[in-house]
Amino acid sequence: MPAPQDLLTAAMLHPAARAGVETARLDLFIAAASEAVASYVGYPLHRRLGVVESVAGTGGPHLWLKSGAVRQVVRVEVRGVEVDAASYALDSALLGRLVARSSSWPFTGSWTTGVSPTPLVARDTGEVVVTYDAGWVTPGQRALDDTLQVDLPAAIQLAAIECVTAALSRDGKPGDVASENIGGTSMSYFAGEGGGRAALPSTARQMLTPYRRLR
């Protein structure tokens, strides 16, 4: 059964890649690969409407949302009062960054003690709340609702296909796949640039680079 987070469906795989793999197990591969891709880019990729998130106010011009791929900001509330939409803008959809057009956002967090307290450490106090839409319609969401049109970038879809295909295949693996035997169990993984383990093939990582949000 597809899930909204699924970045591909079984039908998108080459028939040879899915041959002989039972449906339940193939669904697990798709779910795991989709989760790994989302983890690599740093935010959920499936379309989410009306996300409500409290954020820390730094007292500067910017607010930073936890998600990337922000499609639109529905509203911003400060201490229970909705902020005029004309007073801010979505400065970077990828980074989830809002900018105040004229004045700064309020500071939320710890203050120094004394006659004239000053901001000390910014933290999320629940005083600033942002409602927004984020992500793209995935093949998984389309499979669940045929009125939707997939708009997930092709590079992300291909990266997910690459991950599932590499994980399913035992022959013709990408050059960065290594294997090891532990007892009677054989396991495969992708070797990272420094010799460590990476969750995704290098070709998938390259396709995902433009969408990655580094924290």
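On a predicted model such as this, the values are computed, not experimentally measured, just so you know.

(A) Just the sheet that holds strand S4 (residues 81-82), in detail. Spatial ordering of the open sheet is given by S1-S9-S3-S4, a layout of four strands whose pairing is antiparallel. The outermost strands of the open sheet, each flanked by one partner alone, are strand S1 (48-55) and S4.

(B) Geometry of the nonpolar core. Ranked by internal contacts, the top residues of the largest apolar core, which has 26 residues, are Val-37, Leu-45 and Ile-156. For this core, the secondary structure elements donating two or more residues are helix H2 (23-41), helix H4 (154-168) and helix H5 (202-208). Beyond its immediate chain neighbours, meaning those up to four positions away, Val-37 contacts Leu-7, Leu-45, Ile-156, Ala-160, Cys-163, Leu-200 and Leu-208. Counting 17 residues, the second-largest nonpolar core is a separate cluster that includes Val-70, Val-78, Tyr-88 and Val-130.

(C) Here's a closer look at the side chain of Asp-133. Mapping Asp-133 onto the fold places it in strand S9 (residues 128-134). No salt bridge is formed by the buried Asp-133, whose closest oppositely charged neighbour, Arg-47, lies at an N-O distance of 7.9 Å. Polar side-chain contacts of Asp-133 include one of 2.8 Å to the backbone nitrogen of Gly-50. Beyond its immediate stretch of four places on either side in the chain, Asp-133 contacts Arg-48, Leu-49, Gly-50, Ala-69, Val-70, Arg-71, Gln-72 and Val-74.

(D) Up close: the pattern of salt bridges. Evaluated as defined, the whole model comprises three salt bridges. A salt bridge links Glu-127 to Arg-79, with the nearest nitrogen and oxygen atoms 2.7 Å apart. Of this pair, Glu-127 sits in the loop between strand S8 (119-122) and S9 while Arg-79 is found in the loop between strand S3 (70-78) and S4, placing the two residues 48 residues apart along the sequence. Judged by relative accessible area, which is 25%, Glu-127 ranks as partly exposed.

(E) Spotlight on the packing of aromatic side chains. One pass over the structure, following the stated rule, counts two aromatic pairs. Between Tyr-88 and Trp-105, the ring centres sit 6.0 Å apart and the planes meet at 45°, which makes this aromatic pair tilted. Of this pair, Tyr-88 sits in strand S5 (residues 88-92) while Trp-105 sits in the loop between strand S6 (97-100) and strand S7 (109-111), and the two are 17 residues apart along the sequence. There is no split in this pair, since Tyr-88 and Trp-105 are both buried. Taken together, a centroid distance of 6.0 Å and an interplanar angle of 90° make the contact between Trp-136 and Tyr-211 edge-to-face. With Trp-136 in the loop between S9 and helix H3 (139-144) and Tyr-211 in the segment after H5, the pair connects residues that are 75 residues apart, well separated along the chain. Of the residues examined, Trp-136 reaches a relative accessible area of 13% and is grouped as buried.

(F) Looking closely at the environment of Arg-212. Note on placement: Arg-212 falls in the segment after H5. Residues in contact with Arg-212, not counting those within four places in the same chain, are Tyr-40, Val-41 and Leu-94.

(G) Expanded view of the environment of Arg-101. Tracing the sequence through the fold places Arg-101 in the loop between S6 and S7. For the pair Arg-101 and Tyr-88, spaced 13 residues apart in the sequence, the C-alpha separation amounts to 5.0 Å. Setting aside residues up to four positions removed in sequence, Arg-101 forms contacts with Ala-86, Ser-87, Tyr-88 and Ala-89. Of note is the side chain of Arg-101, whose polar atom sits 3.4 Å from the backbone oxygen of Tyr-88.

What counts, and at which threshold
Each chain carries its own residue numbering, running from 1 in the direction its sequence is written. Restriction of local features to residues with pLDDT of at least 70 applies here, the model being predicted, together with a cutoff of 80 or more for giving and counting side-chain atom pairs; totals for whole chains, interfaces and linings are based on all residues. Based on all heavy atoms of the structure, the side-chain values leave hydrogens and waters out of the count. When DSSP finds two or more bridges between a pair of strands, those strands are recorded as paired. Only DSSP runs of H or I reaching four residues or more are called helices, and only runs of E reaching two or more are called strands; each is numbered from the N terminus. Put simply, a nonpolar core is a bunch of buried Ala, Val, Leu, Ile, Met, Phe, Trp, Tyr and Cys residues held in one set by side-chain atoms that sit within 4.5 Å of each other. Throughout, exposure labels follow a simple rule: accessible area from a 1.4 Å probe, protein chains only, divided by the maximum for the residue type, with under 20% read as buried, over 50% as exposed, and the rest as partly exposed. Contacts are assigned to residue pairs that have any heavy atoms within 4.5 Å of one another. By the counting scheme adopted, Arg and Lys are positive, Glu and Asp are negative, and His together with the chain ends is not counted. Only one rule defines a salt bridge in this text: a Lys or Arg side-chain nitrogen within 4 Å of an Asp or Glu carboxyl oxygen. Two N or O atoms count as a polar contact when they lie within 3.5 Å, although within protein this holds only if one can serve as hydrogen donor and the other as acceptor, and sequence-adjacent residues are included solely when both atoms are side-chain atoms. Put simply, two rings from Phe, Tyr or Trp (the six-membered ring, in Trp's case) pair if the centres are within 6.5 Å, and we call them stacked under 30 degrees between planes, edge-to-face over 60, tilted for the rest.

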